[in-house]
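So the chains spell out like this:
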Amino acid sequence: MQIAVDGLDRLGKDTLINNIIASVGYHSVVHYSKPIFPNSYSKDKLTALKSFQIDSFVNGFDLCMSGANIIFNRFTLGEMVYAKRYRGYSGNYIYDIENQYPTVCRQLKLVLLYTDNFDFVQDDGLSFDFSKRAEEMKDFEDAYEMSSIKNKIKINVHDGNGAYKPKNLVLQEVLTFISRSV
């Protein structure tokens, strides 16, 4: 089984991934983080970053094709959001990659964690721009809708009372989703 857990920083991706593994068994975790500047690709930073990212996502789809049990901590949605906002190029190439892997797009389970209230989300200082989180959230939702991945769910991590939804409830939503989309 392959699962991609995506969304803004501080919404519980790591906690959810650990809880999924505790519930369903071993899965390799591949964490997509900010790209490095790989000068082995090009001396031009923009070209190098985009080339590095393309290779990393093609590799992620190839891993899925291998049949391995994988959970991605961030995957394609993050690139669609952050490439245009902070890296200086469009992340729309992701749609072309998805189109090259129709089998993966039918089998991969995509979980987007989101919130409709940011009052309870604390800045850890590691976000690109914490003041832009509402705009980024909208971008994540747009990318989610545009993605060719078929099995997907959005889960609001806000409990409706100004706090995080209990992690066991978020996990139950994911496990129910996974069991329905197998």
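What counts, and at which threshold
- Residues numbered from 1 in each chain as written.
- Predicted model: local features only at pLDDT ≥ 70, side-chain atom pairs only at ≥ 80, totals over all residues.
- Heavy atoms only, no water.
- Helix = DSSP H or I, 4+ residues; strand = E, 2+ residues; numbered from the N terminus.
- Rg over C-alpha atoms; globule rule 2.2 N^0.38 Å.
- Buried < 20%, exposed > 50% of the residue type's maximum accessible area, 1.4 Å probe, protein only.
- Contact = heavy atoms within 4.5 Å.
- Areas by Shrake-Rupley, 256 points an atom, 1.4 Å probe, with all protein chains shown as cover.
- Lys, Arg positive; Asp, Glu negative; His and termini not counted.
- Charge placed at Lys NZ, Arg CZ, Asp CG, Glu CD.
- pLDDT = per-residue confidence, 0-100.
- Core = buried A, V, L, I, M, F, W, Y, C linked by side-chain atoms within 4.5 Å.
- Expected span 1.5 Å × (residues − 1).
- Axes fitted to C-alpha atoms, helices over the stretch in contact; angles between N-to-C directions.
- Parallel < 35°, antiparallel > 145°, perpendicular 65-115°, else oblique.
- Left-handed = near helix turned anticlockwise from the far one by under 90°.
- Nonpolar A, V, L, I, M, F, W, Y, C, P; charged D, E, K, R; others polar.
- Salt bridge = Lys/Arg side-chain N within 4 Å of Asp/Glu carboxyl O.

Enquirer: It is not clear to me how the overall build of the protein should be interpreted in this structure. Could you clarify?
Expert: When you go through the protein residue by residue, the secondary structure sums to 7 helices and 5 strands. Walking the protein from its N terminus toward its C terminus, one meets helices and strands in the order β-α-β-α-β-α-α-α-β-α-β-α. The C-alpha atoms of the protein give a radius of gyration of 16 Å, which matches the 16 Å a tight globule of 182 residues would have. Projected onto its principal axes, the C-alpha positions of the protein cover 50 × 40 × 25 Å. For the protein, with 182 residues in total, the buried portion stands at 47%. For the protein, the proportion of contacts with a sequence separation of at least 24, taken over those separated by at least 6, is 74%. Carbon and sulfur atoms provide 49% of the accessible area of the protein, an area that totals close to 8,900 Å². For the protein, the distance from the average position of its 21 positive side-chain charges to the average position of its 22 negative side-chain charges is 2 Å.

Enquirer: Honestly, the confidence of the model for the protein in this entry has me stumped. Any pointers?
Expert: Chain-level pLDDT for the protein is 90 on average; 93% of the residues reach the 70-or-more range. Helix α3 (residues 76-87) is the least confidently modelled element of the protein, averaging 92 in pLDDT, while strand β3 (residues 70-73) averages 98, the highest of any element.

Enquirer: For this particular structure, what's the right way to read unusual backbone geometry?
Expert: Excluding glycine, most residues fall at negative phi; most peptide bonds, likewise, are trans. If you check the backbone angles, Arg 74 has positive phi at about 75° while not being a glycine. Residue placement: Arg 74 occurs in the loop between β3 and α3.

Enquirer: What is the right way to read the nonpolar core from this model?
Expert: For soluble globular proteins, nonpolar side chains are generally found buried alongside one another. Ranked by internal contacts, the top residues of the largest apolar core, which has 50 residues, are Val 5, Leu 16, Val 111 and Leu 113. Among all residues touching Leu 16, those that are not within four sequence positions of it are Val 5, Val 111, Leu 113, Val 170, Leu 171 and Val 174.

Enquirer: Help me understand helix α7 (residues 167-180) in this model?
Expert: In an α-helix, one turn spans 3.6 residues, which is why side chains three or four residues apart end up on the same side. Its 14 residues give α7 an end-to-end C-alpha distance of 20 Å, which sits within 8% of 20 Å, the value for a rise of 1.5 Å per residue. Close packing links the buried residues of α7 with β1 (2-7), α1 (13-24), β4 (109-114) and β5 (151-156).

Enquirer: For this particular structure, what's the right way to read the packing of α3 against helix α6 (residues 133-146)?
Expert: With their axes 8 Å apart at the nearest point, α3 and α6 run at an angle of 130° to one another. One element, α3, and the other, α6, form an angle in the oblique class. Handedness of the crossing formed by α3 with α6: right-handed. For the pair formed by α3 and α6, the contact residues are Leu 77, Gly 78, Met 80, Val 81, Tyr 82, Lys 84, Arg 85 and Tyr 86 on the first element and Glu 135, Glu 136, Asp 139, Phe 140, Ala 143 and Tyr 144 on the second. Residue classes in the contact of α3 with α6 are distributed as 8 nonpolar, 1 polar and 5 charged.

Enquirer: Honestly, the pattern of salt bridges in this entry has me stumped. Any pointers?
Expert: As a working rule, side chains carrying opposite charge can pair if their charged atoms are close by. Here the structure, examined in full by the defined rule, presents 9 salt bridges. Close ionic contact of Asp 142 with Lys 138 constitutes a salt bridge, the shortest N to O distance being 2.7 Å. Highlighted residues: Asp 142 and Lys 138, both in helix α6, separated by 4 residues, approximately one helical turn. The exposure class assigned to Asp 142 is partly exposed, which follows from its relative accessible area of 34%. Given a relative accessible area of 48%, Lys 138 falls into the partly exposed group. The salt bridge involving Lys 165 is made with Glu 173; its shortest N-O contact spans 2.8 Å. Given a relative accessible area of 19%, Lys 165 falls into the buried group. Overall, Glu 173 belongs to the partly exposed group, its relative accessible area being 28%. One connected set of salt bridges, linked through shared partners, spans Lys 84, Arg 85, Glu 135 and Asp 139.

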